[in-house]
Amino acid sequence: MDPRLSVLEKRLSGVRRIIAFASAKGGVGKSICSTVSALLLSRDHRVGLLDLDLQGASDHLILGKNPSLPEEDGGIIPPALFPNLSFMGVSLFSGNEPVPLRGQDTTNAIVELLSVTIWKKLDFLVIDMPPGIGEEVLDLIRFIERLEYIVINTPSPLSESVVDRLIKILKLSDARILGIMENMAGMDGSERNGSKMLAERNGIDFIGKVHFIPGLDGMVGNVDTLLESAFANELKIITERIKAADL
Amino acid sequence: MDPRLSVLEKRLSGVRRIIAFASAKGGVGKSICSTVSALLLSRDHRVGLLDLDLQGASDHLILGKNPSLPEEDGGIIPPALFPNLSFMGVSLFSGNEPVPLRGQDTTNAIVELLSVTIWKKLDFLVIDMPPGIGEEVLDLIRFIERLEYIVINTPSPLSESVVDRLIKILKLSDARILGIMENMAGMDGSERNGSKMLAERNGIDFIGKVHFIPGLDGMVGNVDTLLESAFANELKIITERIKAADL
Amino acid sequence: MHELALADAVIDAVEKNLGGRDPSSVKRVLVMLGELQNIDLEIFEHGLKTLLEGKAIDYRVFSIEIEEAAFLCNNCGESWKLSEQSEIDEEEREAIHFLPEMAHVYMSCPNCGSRDFTLESGRGVSIAEIEFDMIPK
Amino acid sequence: MHELALADAVIDAVEKNLGGRDPSSVKRVLVMLGELQNIDLEIFEHGLKTLLEGKAIDYRVFSIEIEEAAFLCNNCGESWKLSEQSEIDEEEREAIHFLPEMAHVYMSCPNCGSRDFTLESGRGVSIAEIEFDMIPK
Ligand SMILES: Nc1ncnc2c1ncn2[C@@H]1O[C@H](COP(=O)(O)OP(=O)(O)O)[C@@H](O)[C@H]1O
Ligand SMILES: Nc1ncnc2c1ncn2[C@@H]1O[C@H](COP(=O)(O)OP(=O)(O)O)[C@@H](O)[C@H]1O
Ligand SMILES: [Mg+2]
Ligand SMILES: [Mg+2]
Ligand SMILES: [Mg+2]
Ligand SMILES: [Mg+2]
Ligand code: NI
Ligand code: NI
Ligand SMILES: [Zn+2]
Ligand SMILES: [Zn+2]
């Protein structure tokens, strides 16, 4: 018997809301949107950020932090990388080394992170999801029923199709989808309507869009610049909607 | 005992070279680069295309084909979707339905596809890889030693870091890396040098770059337009290098 | 029918697991056919027979058993059998026969509707046992 | 030290698996501590004791055994034990103690160098057995 499963809920009991940025499609901005959203929310809330992309951990790079082993105090203490923002992810343990994992290892790592991390009282726990519809998605569905999903799409028929598949799986399990957001809007030179239509087709809210911001990659690692960017400015509208959507 | 493992090599014995487009980072263009490369190579070679992104299958969308169940003749016959281009992937069986798989299922599906597909004599089998360093990457390493990798990077520090991790894993297993290619060059407004430096740092060839082509997404599904695009034009230089790199 | 590719794999696997023994010393091979893959037993047996022509392994050493397909839901813990699964149309069944993992596309837990379940048994072809003659030939 | 979080999980799991019985009826709990996680036995036992204060479960019902860590290479089939693994420095060992899956970051197959291996046993904390008094209290 795996004793860890019995404490997952208890470990998250001090967390008011849990928001996952998901997509199934890679490279749509899950990491940068979740990380900058966590920073934005932390201006007036207590926020945790959990990087659940174990094989492609990126949030520490966006935050410009060199990960180091966390403190222990009756459990693992997620380091407070910024005021009001504590962080947990494999990068604390692996730095930028490759983390090759098969599915069973991924499940084990997720269960371990959820069962030994001692989050303080939090208003929001923001989760950065990996691409795919594998262990991470399926395990969060079975372990954290009250999770609220922001589904990210880009103006691309490939993204639309893959995102549509994730939505089907989330709906099958009655997951709470806060809304679909479009990232990199205008990237293809036109203002398409794909994400809005995707939302409508699936009976989900369209929660807003963020444009493609040339030069954003140059700001990665510099939180102050990121927070002053047009990217953060547009994303703020979405984080405000997240706050307002209190279920 | 799994009898399928004993025939993997035999099933690929009529294939001269096997080229995987890999990255570990999502959204860098693995699908569109591998699919259009397969089309380009098929102009004067017999080519197979294997979509190994089981959870985010996209190649059929790029090719503009509505998948339908394949024919059987002593095995599964990959349909010849275009002259000289035969195709295999889960989309033949699942269409655009979601394919939620845990790791053990992914390995089983890969082994099945490799052991029952009857490829004709091929000059190239092009494999489109999913993001991550999970089953797909680890299983190909153990099953197809002679695989040659094209590693795709974009001008992004996040991509660079994740790609660097994949390269470490490939090098650990003495995999043959044909080279690193940069996709979406110039996307951030500047012509950075990241991919070249990444190649140098790892002692790998830099095999060329393809610029970010606004409007490319609008061509998805239309093979004629894709093949006439600046994207295909630039990619052609890389496919010529692949042909020349005959090991 | 793709039975031939699977029969071929079974023979190849037996040949690769002789451990230096003579092929004629194979006395019994127990092959399990997973119910999910829906293999046509006659065609599979015919395939074995055809492929074994001219080889020192007698096709009569092969015993074939059908393995019942059983599922366990990762989401709610429900377990069920293929025979208890409802509503798979012919084309879906055909897709699953090609690639048993397509069960996750077309089947759901009868209790909670989840597609996140484990194939506990009866997936596809496996070799359960190979017996050899004691006296080396 | 994060032993307390794990001890807490063990107690929670026992309490959730009483099946309606009285907590005082728990006679024996066999806890396996995986060698890979490198748990401090004394701190873990002390954690159990502290957390059980005021509860009807006696801390003496807990038997704790260390489970040897064993690995199987998916690439070449080699199997080995943690004691045979070389060259893990202290910080790497510390990382693995936090998250045993970090073995795939800092350990390699001693035969082929691959990081694609299976943790066959000795990963972390598990409950092997819970025994109850026969006569309900
Ligand atoms: N709105 C945007 N404008 C410009 N670049 C963006 C934008 N959103 C994301 N990017 C860039 O796109 C790439 C993919 O983003 P990332 O957050 O890593 O996606 P994911 O986590 O979904 O794989 C990164 O290089 C990132 O900096
Ligand atoms: N050179 C390029 N110029 C413009 N758009 C591109 C380019 N390469 C890829 N894209 C677009 O970027 C997105 C990701 O490409 P895709 O091939 O799906 O990546 P991956 O398979 O790595 O996830 C798609 O919408 C694709 O059309
Ligand atoms: Mg990411
Ligand atoms: Mg792809
Ligand atoms: Mg149906
Ligand atoms: Mg070292
Ligand atoms: Ni068939
Ligand atoms: Ni500790
Ligand atoms: Zn269920
Ligand atoms: Zn090995």
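Note that this is a predicted model, so its numbers are computed, not measured.

1. Focus: the relation of the copies chain B and chain A
Each of the two chain copies can be generated from the other by rotation about an axis followed by a shift along it. Aligned on chain A, chain B shows an RMSD of 0.0 Å; the corresponding rotation is 180° and the shift along the axis is 0.0 Å. Each copy turns onto its partner about a two-fold axis. When the interface residues of chain B are mapped onto chain A, 100% of them are again interface residues, pointing to one common binding face.

2. Describing the packing of helix H2 (residues 30–41) of chain B against helix H11 (residues 230–244) of chain B
Between two packed helices, both the angle of their axes relative to each other and the distance between the axes serve to describe the pair. Residue and element names in this part refer to chain B. For the pair H2 and H11, the least separation of the axes is 9 Å and the interaxial angle reads 70°. It follows that H2 is roughly perpendicular to H11 by the angle criterion. Taken together, the residues of H11 that come into contact with H2 (itself represented by Ile-32, Cys-33, Val-36, Ser-37, Leu-40 and Leu-41) are Phe-231, Ala-232, Leu-235, Lys-236, Thr-239 and Lys-243. Per-class residue counts for the contact of H2 with H11 are eight nonpolar, two polar and two charged.

3. Considerations on the sheet that holds strand S5 (residues 80–82) of chain A
Residues and elements named next belong to chain A. Taking strand neighbours across the sheet as the criterion, the eight strands line up as S5-S6-S2-S7-S1-S8-S9-S10 in an open arrangement whose pairing is mixed. Each of the sheet's edge strands pairs with one partner strand only, and the pair in question is S5 and strand S10 (206–211). Averaged over neighbouring strand pairs, the angle between their axes works out to 25° when direction is ignored. Across five bridges, strand S2 (residues 47–51) lies against strand S6 (residues 85–89) in parallel orientation. From the neighbouring strand, Val-47 faces S6, where its bridge partner is Leu-85.

4. With respect to the sheet that holds strand S5 (residues 117–121) of chain D
All names here are of chain D. In space, the three strands of this open sheet follow the order S4-S3-S5, with antiparallel pairing throughout. Edge positions in the sheet fall to strand S4 (79–81) and S5, since each has one partner strand and no second. Each neighbouring strand pair of the sheet contributes to a mean axis angle of 25°, computed without reference to strand direction. Sheet analysis places strand S3 (residues 70–73) next to S4, joined by three bridges and oriented antiparallel. Its bridge partner lying in S4, Leu-72 is registered against Ser-79.

5. What about the domain arrangement of chain C?
Where interface size is quoted, it is often the accessible area lost as the parts come together. Residue and element names in this part refer to chain C. Taken domain by domain, chain C comprises domain 1 (2–67 + 123–132) and domain 2 (70–120). Put simply, the middle of domain 1 and the middle of domain 2, counted by C-alpha atoms, are 27 Å apart. Listed per partner, the contact involves six residues of domain 1 and eleven residues of domain 2. In terms of surface lost to domain 2, no three residues of domain 1 exceed His-2, Leu-36 and Arg-123, which account for 66% of the buried area on that side. If you look at where domain 1 meets domain 2, you find one salt bridge. Arg-123 is paired through a salt bridge with Glu-101; the nearest N and O atoms lie 2.7 Å apart.

6. Quick word on the site of ligand 2
For ligand 2, the set of nearby residues contains 17 residues, the closest of which are Lys-25 and Ser-156 of chain A together with Lys-30, Asn-183 and Asp-217 of chain B. Ligand 2 is flanked by residues contributed from chains A and B. Asn-183 of chain B is positioned such that a nitrogen or oxygen atom in its side chain is 2.8 Å from a nitrogen atom of ligand 2. Backbone polar atom of Ile-213 of chain B to a nitrogen atom of ligand 2: 2.8 Å apart, as the coordinates give it. The protein chains hide 95% of the 560 Å² of surface that ligand 2 would expose on its own. Those elements that place two or more of their residues in the shell around ligand 2 are H2, strand S9 (176–185) and helix H9 (216–219) of chain B.

7. Observations concerning the interface of chain B and chain A
Counting from both sides, the interface comprises 41 residues of chain B and, opposite them, 42 residues of chain A. Across the chain B/chain A interface, buried area totals approximately 3,600 Å², and carbon plus sulfur atoms make up 59% of it. When the buried area of chain B at its contact with chain A is split by residue, Arg-102, Leu-158 and Arg-165 of chain B rank highest and sum to 20% of it. Run the count over chain B and chain A and you get four salt bridges. Put simply, Asp-139 of chain B and Arg-102 of chain A hold a salt bridge, and the shortest N to O gap is 2.7 Å. At the junction of chain B with chain A, the criterion picks out 18 residue pairs in polar contact (both at pLDDT 80 or more). Looking at the side of chain B that touches chain A, the element that brings in the most residues is helix H7 (residues 157–172) of chain B, giving seven residues. Considering only residue class, the side of chain B that touches chain A consists of 18 nonpolar, 14 polar and nine charged.

8. Description of helix H3 (residues 90–98) of chain D
Residues Glu-92, Arg-93, Ala-95, Ile-96, His-97 and Phe-98 of chain D constitute the buried set of H3 of chain D. Packed against the buried residues of H3 of chain D are strand S3 (71–72), strand S4 (76–77), helix H4 (91–94) and helix H5 (103–116) of chain A together with helix H4 (103–106) of chain D. Its side-chain oxygen 3.2 Å from the backbone nitrogen of Glu-91 of chain D, Asp-89 of chain D forms the N-cap of H3 of chain D.

9. Quick word on the site of ligand 1
Taken together, 17 residues sit near ligand 1, with Lys-30, Asn-183 and Asp-217 of chain A together with Lys-25 and Ser-156 of chain B positioned nearest. Site remark: ligand 1 is flanked by residues from chains A and B. One of the backbone N or O atoms of Val-28 of chain A is found 3.2 Å from an oxygen atom in ligand 1. Ser-156 of chain B places a polar side-chain atom, nitrogen or oxygen, 2.8 Å from an oxygen atom of ligand 1.

10. Quick word on the interface of chain C and chain B
Each side of the interface is counted separately: chain C has 34 residues, and chain B has 30 residues. Where chain C abuts chain B, roughly 2,700 Å² becomes buried across the two surfaces, and 61% of that area is made up of carbon and sulfur atoms. When residues of chain C are sorted by the area they lose upon contact with chain B, Phe-98, Leu-99 and Glu-101 of chain C head the list and together hold 21% of the total. The shortest N-O distance in the salt bridge between Arg-123 of chain C and Glu-112 of chain B comes to 3.0 Å. Put simply, chain C and chain B have 16 residue pairs in polar contact (both at pLDDT 80 or more) between them. Contributions of two or more residues to the side of chain C that touches chain B are made by helix H1 (3–16), helix H3 (90–98), helix H4 (103–106) and strand S6 (125–132) of chain C.

11. Some details on the packing of helix H1 (residues 3–16) of chain D against helix H2 (residues 41–52) of chain D
Residues and elements named next belong to chain D. Two numbers describe how H1 lies on H2: the axes approach to 8 Å, and their chain directions differ by 55°. On the basis of their axis angle, the class for H1 and H2 is oblique. Note on packing geometry: the crossing formed by H1 with H2 is right-handed. Across the interface between the two elements, Glu-3, Leu-4, Leu-6, Ala-7, Asp-8, Val-10 and Ile-11 of H1 pack against Ile-43, Phe-44, Gly-47, Leu-48, Leu-51 and Leu-52 of H2. By residue class, the composition of the contact of H1 with H2 is ten nonpolar, one polar and two charged.

12. Some remarks on a negative patch on the surface
Residue and element names in this part refer to chain C. Negative charge collects at one region of the surface, where Asp-89, Glu-90, Glu-91 and Glu-94 lie side by side. By secondary structure assignment, the location of Glu-90 is in helix H3. Assessed through its relative accessible area of 73%, Glu-90 is described here as exposed.

The rules behind each value
- Residues numbered from 1 in each chain as written.
- Chains lettered and ligands numbered in written order.
- Predicted model: local features only at pLDDT ≥ 70, side-chain atom pairs only at ≥ 80, totals over all residues.
- Heavy atoms only, no water.
- Least-squares fit on C-alpha atoms with pLDDT ≥ 70 in both.
- Contact = heavy atoms within 4.5 Å.
- Axes fitted to C-alpha atoms, helices over the stretch in contact; angles between N-to-C directions.
- Helix = DSSP H or I, 4+ residues; strand = E, 2+ residues; numbered from the N terminus.
- Parallel < 35°, antiparallel > 145°, perpendicular 65-115°, else oblique.
- Nonpolar A, V, L, I, M, F, W, Y, C, P; charged D, E, K, R; others polar.
- Pairing = 2+ DSSP bridges.
- Domains from an automatic or database assignment.
- Buried area = accessible area lost by both parts, 1.4 Å probe.
- Salt bridge = Lys/Arg side-chain N within 4 Å of Asp/Glu carboxyl O.
- Near = heavy atom within 4 Å.
- Polar contact = N/O pair within 3.5 Å; in protein donor to acceptor, adjacent residues only side chain to side chain.
- Areas by Shrake-Rupley, 256 points an atom, 1.4 Å probe, with all protein chains shown as cover.
- Buried < 20%, exposed > 50% of the residue type's maximum accessible area, 1.4 Å probe, protein only.
- Left-handed = near helix turned anticlockwise from the far one by under 90°.
- Patch = residues over 30% accessible without salt bridge, like charges linked within 9 Å, V, L, I, M, F, W, Y side chains within 5 Å.
- Lys, Arg positive; Asp, Glu negative; His and termini not counted.
- Charge placed at Lys NZ, Arg CZ, Asp CG, Glu CD.

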